[in-house]
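Coordinate analysis (summary)
Listed below are the residues making up each chain.
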Amino acid sequence: MIAVVSIGPIERSLVEGVVDSVRNYYSRFGISVEFVGEVPAEPFSVAFNARRNQYLGRVFLPTLSALREELGAVAILGITELDLYEEGLNFVFGLANPSLRSAIVSVQRLRNEFYGLEPDDTLLLERTVKEAMHELGHVFGLKHCPNPRCVMHFSNSLLDTDAKGPLYCPRCEEKLEENLRKLGVLS
Ligand SMILES: [Zn+2]
Ligand SMILES: [Zn+2]
């Protein structure tokens, strides 16, 4: 199972939409994808940087990984409204740690509203699915892909995210399958 949790308040319909799309893809490997509930944001206050008004993304990953082990899940993905950053980067849409097999995606900068544009739920779902698929790819050992249509292509901006597709290119998919087999997830 790939476990999906929301971290702090976020609209349920968005999280469920992401779960549906990711499940739709990963079912081909016989891997289920389940929303397992909301985790409160308060325990992650240690990640908060008041000067930046952002959260250091990596702080979330060990806690998510512990929850993953408790659940007996092969991977865990957190979806949050909290704005994330990493050292040397102004922000990140998400990040992942393959050894911990945990990942997190922030939707804040995927929203049109963040840029003063009209909200667009369809576009927001598309973007969040792409970021979720991307970070799960990293969880399963995929690196960035030079193919700009591949979901493993690096997104530095929403333009990059909108330009790429929601799926792994054939080369990445082949590697993904190989890595899942190594993990013992595939028979
Ligand atoms: Zn990446
Ligand atoms: Zn690729």
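Structure's up top.
Since we're looking at a predicted model, the values are computed, not measured. (Residues numbered from 1 in each chain as written. Chains lettered and ligands numbered in written order. Predicted model: local features only at pLDDT ≥ 70, side-chain atom pairs only at ≥ 80, totals over all residues. Heavy atoms only, no water.)

Here we come to the side chain of Lys164. Position of Lys164 relative to the elements: it lies in the loop between helix H4 (158–163) and helix H5 (170–182). This buried residue, Lys164, is left without a salt bridge; Glu131 holds the nearest opposite charge, at 4.7 Å. A polar contact of 3.1 Å, which involves the side chain of Lys164, links it to the backbone oxygen of Val151. Engagement of the side chain of Lys164 in a polar contact is seen with the side chain of Ser155, the distance being 3.0 Å. (Helix = DSSP H or I, 4+ residues; strand = E, 2+ residues; numbered from the N terminus. Buried < 20%, exposed > 50% of the residue type's maximum accessible area, 1.4 Å probe, protein only. Lys, Arg positive; Asp, Glu negative; His and termini not counted. Salt bridge = Lys/Arg side-chain N within 4 Å of Asp/Glu carboxyl O. Polar contact = N/O pair within 3.5 Å; in protein donor to acceptor, adjacent residues only side chain to side chain.)

Our focus in this paragraph is unusual backbone geometry. With phi around 55°, Asn53 is a residue other than glycine that occupies positive phi space. Looking at the element boundaries, Asn53 is found in the loop between strand S3 (48–49) and strand S4 (54–56). Given a relative accessible area of 55%, Asn53 falls into the exposed group. The phi torsion at Arg101 lies on the positive side, around 50°, for a residue other than glycine.

As a further point, take the sheet that holds strand S6 (residues 84–86). On the basis of which strands lie adjacent, the open sheet formed by 4 strands has the order S3-S4-S6-S7 and mixed pairing. Each edge of the sheet is formed by a strand with only one pairing partner; in this case those strands are S3 and strand S7 (89–92). Relative to S6, S4 runs parallel, the two being bridged by 2 bridges. Looking at the pairing, Leu56 lines up with Tyr85 of S6. (Pairing = 2+ DSSP bridges.)

Among the nonpolar cores identified, the biggest contains 41 residues, and Ile2, Tyr26, Phe140, Tyr168 and Leu176 are the most heavily contacted of them. At the level of secondary structure, the elements contributing two or more residues to this core comprise strand S1 (2–7), helix H1 (12–26), strand S5 (75–80), strand S9 (102–106), helix H3 (121–139) and H5. It is H1 that provides the largest number of residues to this core, a total of 7 residues. Setting aside chain neighbours within four positions, we find Phe140 in contact with Ile2, Tyr26, Val74, Ala75, Leu176, Asn179, Leu180 and Leu183. Membership of the second largest hydrophobic core comes to 18 residues, among which are Val39, Phe44, Leu84 and Ile104. (Core = buried A, V, L, I, M, F, W, Y, C linked by side-chain atoms within 4.5 Å. Contact = heavy atoms within 4.5 Å.)

Next up on the list: the pattern of salt bridges. Here the structure, examined in full by the defined rule, presents 13 salt bridges. For Arg68, the salt bridge is made with Glu69, and the minimal N-O distance between the two is 3.7 Å. A salt bridge links Asp162 to Arg127; its shortest N-O distance comes to 2.8 Å. Taken together, the residues Asp162 in helix H4 and Arg127 in helix H3 connect sequence positions 35 residues apart. For Asp162, a relative accessible area of 31% gives the class partly exposed. Taking the relative accessible area as the measure of exposure, Arg127 reaches 4% and is therefore buried. By sharing partners, the salt bridges in this structure join Glu11, Glu81, Arg111 and Glu113 into a single network.

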